[in-house]
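Read off the chains here:
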Amino acid sequence: MSREHDKGMSLIVKTITRLTVGLILLYGIYIVLHGHVSPGGGFAGGVIIALSFVHIMLAYGKEVALKKLSRSAASFFESFGAVFFLVIALLGFTGGYFFLNFISKGKPFNLFSAGIIPLCNIAICLKVGAGLFAIFAALVLLKFETEEKE
Amino acid sequence: MSIYLLCLILFSCGIYCILRKRNIIKIIIGVIIAEYAAHLFLVLVAYRMRGRSPIFSAEAEIKNMVDPLPHALVLTAIVIGLATTALLIGIAMRIYEKYGTFDITRIRELKG
Amino acid sequence: MAGSGIIPLFVAVPLGGAFLNSLLGKKVKRLTDIIGVSTSFILCALSLVALRLYNANGILTHSVGGWRPPIGIGMVLDGLTAFMLVTVNFAAFCIAVYSINYMEKFTSKWKFYTLFFLMLGGMNGVIITGDIFNLFVFLEIAAVASYALVAFGTERHELEAAFKYAVMCTVGSLFVLLGIAFLYSYTSTLNMADMGNILAQSGNANITILAMILFIMGFGLKAALVPFHAWLPDAHPSAPAPISAMLSGVLIKSLGVYAICRIFYNVIGVNENISAILMFLGALSMIVGGLLALGQWDLKRLLAYSSISQIGYIILGIGLGTPLGILGGLFHLFNHSIFKSLLFLNSGAIEYTTGTRDLQKMGGLGSRMPLTGITGVVASMSIAGIPPFSGFWSKLIIIIALVQAGKFGYAFWAVIISVLTLAMYVKVIKYAFLGKLKEAWGSIKEVPIFMKLSMGTLAVVCVVGGMLLLSGMQGPFLQGAQEALSEGTKYVAVVLESIK
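Residues numbered from 1 in each chain as written. Chains lettered and ligands numbered in written order. Predicted model: local features only at pLDDT ≥ 70, side-chain atom pairs only at ≥ 80, totals over all residues. Heavy atoms only, no water.

So, the overall build of chain C
Tallying secondary structure elements over chain C gives 20 helices and two strands in all. For chain C, whose C-alpha radius of gyration is 21 Å, the value lies close to the compact-globule estimate of 23 Å for 500 residues. Considering only C-alpha atoms, chain C reaches an extent of 70 × 60 × 45 Å along its principal axes. By the burial criterion, 68% of the 500 residues in chain C qualify as buried. Looking at chain C alone, contacts between residues at least 24 apart form 81% of all its contacts between residues at least 6 apart. Averaged over its 30 positive side-chain charges, chain C has a centre that lies 7 Å from the centre of its 19 negative ones. (Helix = DSSP H or I, 4+ residues; strand = E, 2+ residues; numbered from the N terminus. Rg over C-alpha atoms; globule rule 2.2 N^0.38 Å. Buried < 20%, exposed > 50% of the residue type's maximum accessible area, 1.4 Å probe, protein only. Contact = heavy atoms within 4.5 Å. Lys, Arg positive; Asp, Glu negative; His and termini not counted. Charge placed at Lys NZ, Arg CZ, Asp CG, Glu CD.)

Here it is as structure tokens:
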């Protein structure tokens, strides 16, 4: 066994995680990008994306997960998502209104339609996904800190 | 009617849990229960008799839908609830680190 | 509509400041202060522009996303909004300047500014929005940021206070949410003007009364009216001084008092029963807060109890419902946001140099810290109601209005509590600033420049605040706000008119 397997859960859990985690991530991305056409959207997709990283953290331990997405990177993506969302909202002022849907809406039920909604979904997904993962990582690290002191 | 009363009972359970329990984690669970009861009430407000889910698609006709607005409100409220709960749990873990207990009767240094 | 584009900026600018700070401020230390102060300065300037715009054009509305209310979310700039925006953003600007020096002793300043601007954005949002669920969302943004700010030092007492505060205020928010759900189920609309219209047409139903009770509990918790005040004396002293100033100075007013005013006066419509309830709650908070504050020896705790008492004055004046009473209540709201912020900043300055909050351990600090001493005395005299300072005039107006309305009992208590307030602030001045200098404080120095600057500015406003009552100044600033409230449900007609 390699050193990677010293921490985390049993081999069965790790194998299944390795097989499924990519699918979970892809499903999250699908929910985000298809959010303006079918039920879903930035928040739901972002949560699923965050869960795929949480899944890795639960199965393999915190080091492996934090190597994939470090806390500072998560924090950066979170702030970036928020700023991106705000910029989209402010760009609406080109048409005179805050949050105005200033891109052409296209044909309903096409992938490229609904103007700024897909962009907003992506921004929300960055914010929620990174934010949720950062919360989880912060709570986990806090727990380890407490245990080390004891 | 009875379903609204059940919703009220759930809310009361949450409030009871907040007021009566001593363990910080149980208080947080009480907050969550009360929160969900409020969300449930909003969803109940939206319901129309024999209404269908308010999802619009290419072939669907807009007829007899339940009110979609409270669903959007509930989603927003859930997101706020997530933030509050995460913060409460973070504070609770810090409290455990400092006081070494979850019992609120032993965490009472502020008085007066 | 000309100029209505300014309204959403009050939410966008602080949120932008917050997220830019968390994006850039972490890397470059100096940038945090620059972003922080410039953002709050822009907001302060914008609020003055908004006041001018209101006086020039009357009521302004903005439809978010180009969707017309009541379908879309509307933002409304009326007299009360403009007044509150100036109050909140001016206090926030002074506090942001003060934090440059004060927050040096904490490690991550960018986190402080991020949370600070999230809170400010939430408060501005509550003030400008014309949509009742939007009000709830902004209220929660401000509240969640304030829970985190109370726990900012992560020491024992701060965490305990923050937990208490967070649980109680979350329950308060749930009551507000339930109230909104009841009103929505009855009126099928969320826009406040539209809701007021439908409520006025359909008469007084039991469900409105239930919603009103829930709103009084929810917003009363946020405003710390007396049966719901238990969190305030713990939470406000535990936070870092700039945040105490922010919480006591403006947060409880914009989340509690403003929301109560807006919903009860403009949406549901005030009647005698509501007026009696509000006045009773106000008088109760005034008396209980004043009595409890007298016995405190912890400076910040004393100030926190005194906040409860002063909020009582504001609610008493506004609850009275006569134009003069509302004017007095709003004027006291403005004055209180200035002098209570200043007092908390003074207590922060004392804590910064001496490290204590216990009045018995202080003494003679006025000789070592002249500016803190002078501004502290000015603020104390102002809050106690000594004639030339601003606090005197607002209390006088409230008492005159009470006498005019024939409420002699309430007027009597208002006078008594005013004397009690004087007594407790004489105690503060005597133990903190006057007397012999204790040996332990022989080597202390005055606080750094930015702290002095912000305390000085607030003290000047305290001194000249009474001038706002002169007829030339009163018109643009206070009159519009007072009219917005005393005209009551006429708000509905005006807003619906300006949407079209």
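A closer look at the confidence of the model for chain C
All names here are of chain C. On average, residues of chain C score 87 in pLDDT, and 98% of them are at 70 or above. For chain C, helix 19 (residues 471–486) is the element with the lowest average pLDDT, namely 74, and helix 5 (residues 132–150) is the one with the highest, namely 92. For this predicted complex, the interface confidence comes out at an ipTM of 0.94, alongside a pTM of 0.93. (pLDDT = per-residue confidence, 0-100.)

Observations regarding the layout of surface pockets
Volume-wise, the second largest pocket comes out at about 810 Å³. Around the second largest pocket sit 32 residues that line it, and Ile18 and Ile104 of chain B together with Lys164, Val167 and Met168 of chain C are the ones nearest its centre. Looking at the lining of the second largest pocket, the elements with two or more residues in it are helix 1 (2–20) and helix 2 (24–46) of chain B together with helix 6 (156–187), helix 8 (206–223), helix 9 (232–238) and helix 12 (299–320) of chain C. The dominant element in the lining of the second largest pocket, judged by the number of residues it contributes, is helix 6 of chain C, at seven residues. (1 Å grid on protein atoms, 1.4 Å probe; cavity = no way out; pocket = protein on both sides within 12 Å on 5 of 7 lines; lining within 4 Å. Points joined across faces, edges and corners; volume = space filled by probe spheres on them.)

Quick word on the interface of chain C and chain A
In this assembly, 17 residues from chain C lie in contact with 15 residues from chain A. Between chain C and chain A, roughly 1,300 Å² of surface is buried when both sides are summed, and carbon and sulfur atoms account for 74% of that area. Seen at the junction of chain C and chain A, the total is three residue pairs in polar contact (both at pLDDT 80 or more). Elements represented by at least two residues in the side of chain C that touches chain A include exactly helix 1 (9–25) and strand 1 (60–63) of chain C. Top contributing element to the side of chain C that touches chain A by residue count: helix 1 of chain C, with eight residues. Looking at the side of chain C that touches chain A residue by residue, the class counts come to eight nonpolar, seven polar and two charged. (Buried area = accessible area lost by both parts, 1.4 Å probe. Polar contact = N/O pair within 3.5 Å; in protein donor to acceptor, adjacent residues only side chain to side chain. Nonpolar A, V, L, I, M, F, W, Y, C, P; charged D, E, K, R; others polar.)

Observations regarding the packing of helix 2 (residues 42–60) of chain A against helix 5 (residues 117–149) of chain A
Residues and elements named next belong to chain A. Taken N-terminus to C-terminus, the directions of helix 2 and helix 5 make an angle of 35°; their axes are 7 Å apart at the nearest point. Here the hand of the crossing between helix 2 and helix 5 comes out right-handed. Here Gly42, Phe43, Gly46, Val47, Ile49, Ala50, Phe53, Val54, Met57 and Leu58 of helix 2 lie close against helix 5, whose contacting residues are Asn121, Ile124, Cys125, Val128, Gly129, Leu132, Phe133, Phe136, Ala137 and Val140. Class assignment for the residues of the contact of helix 2 with helix 5 results in 16 nonpolar, four polar and no charged. (Axes fitted to C-alpha atoms, helices over the stretch in contact; angles between N-to-C directions. Left-handed = near helix turned anticlockwise from the far one by under 90°.)

Things to note about helix 5 of chain C
All names here are of chain C. When the terminal C-alpha atoms of helix 5 are compared, their 27 Å separation across 19 residues agrees well with the 27 Å that a helix rising 1.5 Å per residue should span. Of all the 19 residues making up helix 5, 18 are buried; the element is thus mostly covered by neighbouring parts of the structure. Two to three positions downstream of the cap, the backbone nitrogen of phenylalanine 133 sits 3.2 Å from a side-chain oxygen, assigning the N-cap of helix 5 to aspartate 131. (Expected span 1.5 Å × (residues − 1).)

Description of the pairing of strand 1 of chain C
All names here are of chain C. Alternating residues of strand 1 divide into Leu60 and His62 and Thr61 and Ser63, and every residue in both groups is buried. Direction of pairing for strand 1 relative to strand 2 (residues 74–77): antiparallel, over a ladder of four bridges. Across the sheet, threonine 61 pairs through a bridge with valine 76, a residue of strand 2. (Pairing = 2+ DSSP bridges.)

Structural notes on the confidence of the model for chain A
On average, residues of chain A carry a pLDDT of 84, and 96% of them reach 70 or more. When pLDDT is averaged over each helix and strand of chain A, the minimum, 81, is found for helix 3 (residues 62–68) of chain A and the maximum, 90, for helix 1 (residues 11–33) of chain A.

What about empty space enclosed by the protein?
Taken as a whole and judged by the stated rule, the model has four cavities of 30 Å³ or more. Approximately 80 Å³ is the volume attributed to the largest cavity. When residues of the lining of the largest cavity are traced back to their parent elements, those giving at least two are helix 2 and helix 3 (69–99) of chain B together with helix 5 and helix 6 of chain C. Counted by class, the lining of the largest cavity contains five nonpolar, five polar and two charged residues. Approximately 40 Å³ is the volume attributed to the second largest cavity. Around the second largest cavity sit Leu299, Leu303, Leu343, Asn346, Ser347, Ile350, Gly376, Val428 and Phe433 of chain C, which together line it. Mapped by element, the contributors of at least two residues to the lining of the second largest cavity are helix 12, helix 13 (323–354) and helix 17 (408–433) of chain C. Looking at the lining of the second largest cavity, the element that brings in the most residues is helix 13 of chain C, giving four residues.

Focus on the nonpolar core
Ranked by size, the top nonpolar core spans 226 residues in total, and within it Leu80, Phe83, Met123 and Phe215 of chain C carry the most contacts. The next biggest cluster of nonpolar side chains, apart from the first, holds 20 residues, and it includes Val21, Val32, Met57 and Leu66 of chain A. (Core = buried A, V, L, I, M, F, W, Y, C linked by side-chain atoms within 4.5 Å.)

Structural notes on the side chain of threonine 421 of chain C
Residues and elements named next belong to chain C. Checked against the element boundaries, threonine 421 lands in helix 17. With relative accessibility at 0%, the residue threonine 421 sits in the buried group. One polar contact links the side chain of threonine 421 to the main-chain carbonyl oxygen of isoleucine 417, over a distance of 2.6 Å. With near-sequence residues (within four places) excluded, threonine 421 lies in contact with Gln310, Ile383, Ala384 and Lys395.

Topic: unusual backbone geometry
All names here are of chain C. Positive phi is not limited to glycine here, since threonine 154 has a value of about 45°. Inspection of the secondary structure puts threonine 154 in the loop between helix 5 and helix 6. Its identity is not glycine, yet alanine 224 carries a phi of approximately 60°, on the positive side. Assignment of secondary structure puts alanine 224 in the loop between helix 8 and helix 9.

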